[in-house]
Amino acid sequence: MAIPVLFSAPAASWESYAPFLKDLFAKAGLDVNLVQSTDNPDEVKYIIYAPNGPVQDFAPFKNVKLIQSLWAGVETALQNKTLTQPLARMVDPGMSEGMADYVLGHVMRHHLGIALHASVQPGEWRNDTAAPLARNRTVGFLGIGALGMYCAHAVAKQGFNVLGWSRNLKSDDIVDCHAGPDGFAQVLGQSDILVLLLPDTADTENLINAETIAQMKDGAAIINPGRGPLIDDDALLAAMDSGKLSGATLDVFRTEPLPANNPYWTHPKVLVTPHIASETRLETSAAVVVENIERGEAGKPFLHLVDREAGY
Ligand code: GLV
């Protein structure tokens with residue numbers, strides 16, 4: 001019998017993913033019945049999932065071996081109490097590449113002080129602001145998982161001194177890795193530019209707050225392509241108003257779309273981007289989906305399973 005796989009993501013994603021997935025399933029020698037809806041939920045073996053897809057009640061899918069998310073962030077999935085089946089987050093090399101472009105671009109923007117030159121008035125000749133060399137600047141990454149580490153390497157390749165912080169200590173040839181409260185303080189205290197690529201969990205909420213900002217270098221900048229709740233917004237705004245921080249590039253917010261009256265939109269030190277830092281890329285993520293289903297069928301352990309205790 002063909003393997004029943006349900007695709008529960010918005011219709012537009014189906015249009016783009018379905019041909020790719022079918023092709024890759026065939027190449028992998030998997031006989032798959034890929035459907036957008038079903039009358040027999042207990043027959044479904046795998047669900048390809050996006051939080052904004054049609055299925056919200058997962059209780060009837062009693063025999064599902066894996067729910068494979070198309071999204072890297074799984075906080076919405078974990079809030080769904082009906083979703084108790086094994087869940088894999090998306091670790092997509094294409095998303096990492098796109099994220100590295102975004103992070104490197106905005107690191108360079110802060111490094112070169114481009115916002116200043118973009119804001120000068122005609123005739124205002126501000127030639128007192130040449131940037132130091134990249135190797136004399138330190139970029140810290142809070143979160144050096146698949147995405148963070150990839151971006152950290154891209155930034156290091158540009159010449160910056162790169163620090164990374166994670167829950168469990170990692171080791172890396174290029175990134176100077178830290179963990180725990182002491183490591184956190186070191187990364188905060190040394191970074192000229194701080195990049196947030198942590199998941200949204202109970203432990204990471206409001207990690208950037210008045211107290212932790214006070215530990216940062218004067219004039220440091222923050223780039224947040226991770227998740228909105230990592231930042232206490234009032235504390236960040238206050239730190240920019242007081243001059244403690246030089247600026248922020250924010251891609252993710254507690255409420256999205258960011259409401260028109262949110263002060264971030266008009267703050268002179270903030271650049272808002274609308275959750276576009278990166279996204280799952282079709283070809284590379286379809287390959288990850290197919291690989292995990294192939295593993296399930298071969299009785300091998302799934303890749304990128306979510307640890308519900310840790311929240312990611
Ligand atoms: C995007 O934000 C994702 O979680 O994939």
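Residues numbered from 1 in each chain as written. Predicted model: local features only at pLDDT ≥ 70, side-chain atom pairs only at ≥ 80, totals over all residues. Heavy atoms only, no water.

(A) Quick peek at the packing of helix 1 (residues 11-27) against helix 9 (residues 282-298). Two elements in contact, helix 1 and helix 9, have axes whose closest approach is 9 Å; the angle formed by their N-to-C orientations is 50 degrees. The pairing of helix 1 with helix 9 is recorded here as oblique in orientation. Of the two possible hands of crossing, helix 1 and helix 9 adopt the one that is right-handed. Packed against helix 1, whose contacting residues are Ser16, Tyr17, Phe20, Leu21, Leu24 and Phe25, the element helix 9 presents Leu282, Glu283, Ser285, Ala286, Ala287, Val289, Val290 and Ile293 at the interface. Partitioned by chemical class, the residues of the contact of helix 1 with helix 9 number eleven nonpolar, two polar and one charged. (Axes fitted to C-alpha atoms, helices over the stretch in contact; angles between N-to-C directions. Helix = DSSP H or I, 4+ residues; strand = E, 2+ residues; numbered from the N terminus. Parallel < 35°, antiparallel > 145°, perpendicular 65-115°, else oblique. Left-handed = near helix turned anticlockwise from the far one by under 90°. Contact = heavy atoms within 4.5 Å. Nonpolar A, V, L, I, M, F, W, Y, C, P; charged D, E, K, R; others polar.)

(B) A look at the packing of aromatic side chains. The tally for this structure, following the rule as stated, stands at six aromatic pairs. Seen from their ring centres, Tyr49 and Phe58 are 5.6 Å apart, and the 75 degrees between their planes marks the pair as edge-to-face. Residue Tyr49 is classed as buried on the basis of its relative accessible area of 2%. Its relative accessible area of 0% is what places Phe58 among the buried residues. (Phe/Tyr/Trp six-rings, centres within 6.5 Å; stacked < 30°, edge-to-face > 60°. Buried < 20%, exposed > 50% of the residue type's maximum accessible area, 1.4 Å probe, protein only.)

(C) Representation of helix 6 (residues 180-190). Those residues of helix 6 that sit buried are Gly183, Phe184, Val187 and Leu188. An end-on view of helix 6 places all buried positions within 135 degrees of arc, on one side of the element. Away from its buried face by more than 90 degrees, helix 6 exposes Pro181 and Asp182. (Arc of directions from axis to C-beta.)

(D) Structural context of the side chain of Asn224. Take Asn224: it is sitting in strand 10 (residues 220-224). Relative accessible area serves as the criterion here: at 1%, Asn224 is assigned to the buried category. At a separation of 3.1 Å, a polar atom in the side chain of Asn224 contacts the main-chain carbonyl oxygen of Arg227. Ignoring anything within four residues of it in the chain, the contact list for Asn224 reads Leu196, Leu230, Ile231, Thr249, Leu250, Asp251 and Val252. (Polar contact = N/O pair within 3.5 Å; in protein donor to acceptor, adjacent residues only side chain to side chain.)

(E) Summary view of the site of the ligand. Around the ligand, the surrounding shell consists of Trp71, Ala72, Gly73, Met95, Arg227 and His275. Between the ligand and the protein, one listed contact pairs an oxygen atom with a side-chain N or O atom of Arg227 at 2.7 Å. The contact in question runs from an oxygen atom of the ligand to an N or O atom on the side chain of His275, over 2.7 Å. For the ligand, whose accessible area on its own is 200 Å², the fraction buried by protein is 87%. Partitioning the shell around the ligand into residue classes produces three nonpolar, two polar and one charged. (Near = heavy atom within 4 Å. Areas by Shrake-Rupley, 256 points an atom, 1.4 Å probe, with all protein chains shown as cover.)

It is worth stressing that arrangement in space is one thing and function is another; only the former is reported here.
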